[in-house]
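Observations on the model geometry
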Amino acid sequence: AAKNKTVSDPALPRGCSALASSQDSFDAVFNDMHSSEAQCGQGAGHGRAVGKQQSLVALRLEIDEASQSVLIEIRGDDRKWFGVGFGATSMMDRPYAIIVDGWGNVSERRLEDHAAGSLLESSVEVLSSVLSGGK
């Protein structure tokens, strides 16, 4: 759960900032150390961002600057294909997409306007794949 805290830390910028505290939460931090010269984007640790979106498919992204990794979690109905596209608002924009078939196999594609587009060389590593009734 997110918290509000007050600290006296020279590694953090003076005033208010937000720090990742768990997978889906950030703490609001007030640093009362007036002599701190740390700037936003510097200080304790590296950047981390978490975001999620839910529609017919659930998407969760976790970007971790320290490990230089991006964790992508995609959930959809089993026994049906589903996917997510990035960097576009429609298929006409030819987005990069991650597609999951009904059995948990993952592929990457460059979509075309109302067409499957072209299969791309794999750049993702599947860490786990779970099939269960429903989503």
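Predicted model, so just to flag it, every value in this text is computed and none were measured. (Residues numbered from 1 in each chain as written. Predicted model: local features only at pLDDT ≥ 70, side-chain atom pairs only at ≥ 80, totals over all residues. Heavy atoms only, no water.)

**Focus on the pairing of strand E6 (residues 69–75)**
Worth spelling out the cut-off: The criterion for strand pairing is that DSSP finds at least two bridges linking the strands in question. Starting at the N terminus, helices and strands are each numbered in turn, a helix being any DSSP run of H or I of at least four residues and a strand any DSSP run of E of at least two.
Here strand E5 (residues 58–64) runs beside E6; their pairing, made up of seven bridges, is antiparallel. Counterpart to Leu61 in the pairing with E6 is Ile72.

**Let's talk about the sheet that holds E5**
This is how it is decided: Every angle, taken between N-to-C directions, lies between 0 and 180 degrees, and every axis is a line fitted to C-alpha atoms, over only the stretch in contact when it is a helix.
Read from one edge of the open sheet, three strands run E4-E5-E6, paired in antiparallel fashion. If you trace the sheet from one side to the other, it starts and ends with strand E4 (48–54) and E6, each paired once. Sheet twist, expressed as the mean angle between neighbouring strand axes with direction ignored, is 10 degrees. Direction of pairing for E4 relative to E5: antiparallel, over a ladder of seven bridges. Residue pairing for E5: Ala49 is matched across the bridge by Ile63.

**Notes on the pattern of salt bridges**
Rules: When a carboxyl oxygen of Asp or Glu lies within 4 Å of a side-chain nitrogen of Lys or Arg, that pair is called a salt bridge. Categorising residues by exposure relies on relative accessible area from a 1.4 Å probe, with only protein chains included: less than 20% of the type maximum marks a residue as buried, more than 50% marks it as exposed, and the intermediate range marks it as partly exposed.
Using the criterion set out here, one finds five salt bridges in the structure. Between Arg75 and Glu73 there is a salt bridge, and its shortest N-O distance comes to 2.6 Å. By relative accessible area, Arg75 is classed as partly exposed at 48%. The partly exposed category is assigned to Glu73, whose relative accessible area is 29%. For Asp77, the salt bridge is made with Lys80, and the minimal N-O distance between the two is 4.0 Å. Among the residues examined, Asp77 registers a relative accessible area of 29% and is labelled partly exposed. On the accessibility criterion, Lys80 (52% relative accessible area) is exposed.

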